[in-house]
Protein chains: 2
Amino acid sequence: MYPIRLIVVGRPKQESILSLEKHYKKLIKPLIRLEILELTEGKGQGERQLLDEASNLRNALSAYKWKVILDAGGRTTDSEGFAKWLGSRLDLGEHMAFAIGSSNGIHSILKAEIKERMSLSQMTFPHDLCRIIFLEQLYRAMSILRGGSYHK
Amino acid sequence: MYPIRLIVVGRPKQESILSLEKHYKKLIKPLIRLEILELTEGKGQGERQLLDEASNLRNALSAYKWKVILDAGGRTTDSEGFAKWLGSRLDLGEHMAFAIGSSNGIHSILKAEIKERMSLSQMTFPHDLCRIIFLEQLYRAMSILRGGSYHK
């Protein structure tokens, strides 16, 4: 089974976020190989910064057959639906990468290029918190697929 | 303006969750008075525990004109929609309480009694994380209402 890659921009400043990330990575470890790639924030400001980040994200995503952008405006699903979707992709043995933008989001150009946009919630969350929520949902999905007792 | 009350069941075990809660409480403080009421977990197990918790939650909610249960199956909205809804309730000067269940959820009896059920996401999140996400959304909503630069 290919590892799942999570591509993020920037490093969380809060110790508590890093600690929660570590917590979920540890839970995920026995269930699936997860690789987190941390890109640096884009150069410049505003539009220019977003374009720089989009270019780095595009490069990082290019090797993957399934590229998914996490975006509040994307397709919403419940945890069971996500698990089912993830399971079917894993069964096909496909290389998957998920991307979370910087605190400024993701440039609309890149959003238009990547067909698969998934939403963790209609609500807008801070990108650091999105990291944690995605890891928790990945752990939950893998538990559902493996028949664990975590999801109830 | 009446304070907003958040009623929760149980105390988070993770230091990182407590630290994030403190972080958001500090951000919210200048914007609106928030009171968090922490109920103890219900006695017994399974159904009995949920009924005990439902009874405690019912009591804690009884004094409030607007009672809202946070539940993955509730009404979803985006952050702007939540801010608009919250603003209209605050303008009416209504006493509001939000409730988050225990790690076992909220008994369906109580869910049926409380008409207003709000969802932070269609996805199921751990209740400790719901606490943080709700506080972050409350801060975001108040920033939107006050015209702050947090929400972009």
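Residues numbered from 1 in each chain as written. Chains lettered and ligands numbered in written order. Predicted model: local features only at pLDDT ≥ 70, side-chain atom pairs only at ≥ 80, totals over all residues. Heavy atoms only, no water.

**Quick look at the interface of chain A and chain B**
This is how it is decided: Throughout, a residue-residue contact means that at least one pair of heavy atoms, one from each residue, lies within 4.5 Å. Here the quantity called buried area is the accessible surface, traced with a 1.4 Å probe, that two parts lose on coming together, added over both. Polar contacts, as counted here, are pairs of nitrogen or oxygen atoms within 3.5 Å of one another; within protein the pair requires one atom able to donate a hydrogen and one able to accept it, and residues that are adjacent in sequence qualify only if both atoms are side-chain atoms. Secondary structure follows DSSP: runs of H or I at least 4 residues long count as helices, runs of E at least 2 residues long count as strands, and numbering of each begins at the N terminus. Charged means Asp, Glu, Lys or Arg here, nonpolar means Ala, Val, Leu, Ile, Met, Phe, Trp, Tyr, Cys or Pro, and polar covers whatever is left, Gly included.
Contacts between the two partners involve 32 residues from chain A, matched on the other side by 32 residues from chain B. Contact between chain A and chain B buries roughly 2400 Å² in total, counting both sides, with carbon and sulfur atoms accounting for 58%. Among the residues of chain A in contact with chain B, Gln122, Met123 and Thr124 of chain A are the three that bury the most area, contributing 25% of the side total. Applying the counting criterion to the chain A and chain B interface returns 14 residue pairs in polar contact (both at pLDDT 80 or more). Those elements that place two or more of their residues in the side of chain A that touches chain B are α1 (15–28), α3 (79–91), β5 (116–119) and α5 (127–145) of chain A. Residues of the side of chain A that touches chain B, tallied by class, amount to 13 nonpolar, 15 polar and four charged.

**Focus: the sheet that holds strand β3 (residues 66–76) of chain A**
Residue and element names in this part refer to chain A. Just so we agree on the cut-off: For two strands to pair, DSSP has to find at least two bridges joining them. Simply put, an axis is a line fit to the C-alpha atoms, just over the touching stretch for a helix, and the angle between two N-to-C directions goes from 0 to 180 degrees.
Read from one edge to the other, the open sheet built from five strands follows the order β2-β1-β4-β3-β5, with strand pairing classed as parallel. What marks the edges here is a single partner per strand, and that holds for β2 (34–39) and β5. This sheet shows a mean twist of 30° between the axes of neighbouring strands, independent of strand direction. Pairing of β3 with β5, which is carried by five bridges, proceeds in the parallel orientation.

**Quick notes on the relation of the copies chain A and chain B**
As a reminder, the rule being used: Copy-to-copy superposition: least squares on the C-alpha atoms, limited to residues that have pLDDT of at least 70 in both copies.
The two copies are related by a screw motion: chain A maps onto chain B through a turn of 180° and a shift of 0.0 Å along the axis, at an RMSD of 0.0 Å. Expressed as a symmetry operation, the mapping of one chain copy onto the other fits a two-fold axis. An overlap of 100% is found between the interface residues of chain A and their copies at the interface of chain B, pointing to a shared contact surface.

**Looking at the sheet that holds strand β2 (residues 34–39) of chain B**
Residue and element names in this part refer to chain B. The strand order across the open sheet formed by five strands is β2-β1-β4-β3-β5, and the pairing between neighbours is parallel. Pairing within the sheet leaves two strands with one partner each, and these edge strands are β2 and β5 (116–119). The average angle at which neighbouring strand axes cross in this sheet is 30°, direction not considered. Strand direction decides the pairing type here: strand β1 (residues 4–9) and β2, joined by six bridges, are parallel. Looking at β2, one finds that leucine 6 is bridged to isoleucine 36. Relative to β1, helix α2 (residues 46–61) is tilted by about 170°, and along the sheet it contacts β1, β2, β3 (66–76) and β4 (96–100).

**Structural notes on the packing of α3 of chain A against α5 of chain A**
Residues and elements named next belong to chain A. The cut-off we apply is this: Comment on the angle field: the value is read as roughly parallel under 35 degrees, roughly antiparallel over 145, roughly perpendicular from 65 to 115, and oblique elsewhere.
Relative orientation of the contacting elements α3 and α5 amounts to 70°, with a least axis distance of 9 Å. Here α3 is positioned roughly perpendicular relative to α5, judged by the angle of their axes. Contacts between α3 and α5 involve Ser79, Glu80, Phe82, Ala83, Leu86, Gly87 and Leu90 on the former and, on the latter, Phe134, Gln137, Leu138, Arg140, Ala141, Met142, Ile144 and Leu145. Classifying every residue of the contact of α3 with α5 gives 10 nonpolar, three polar and two charged.

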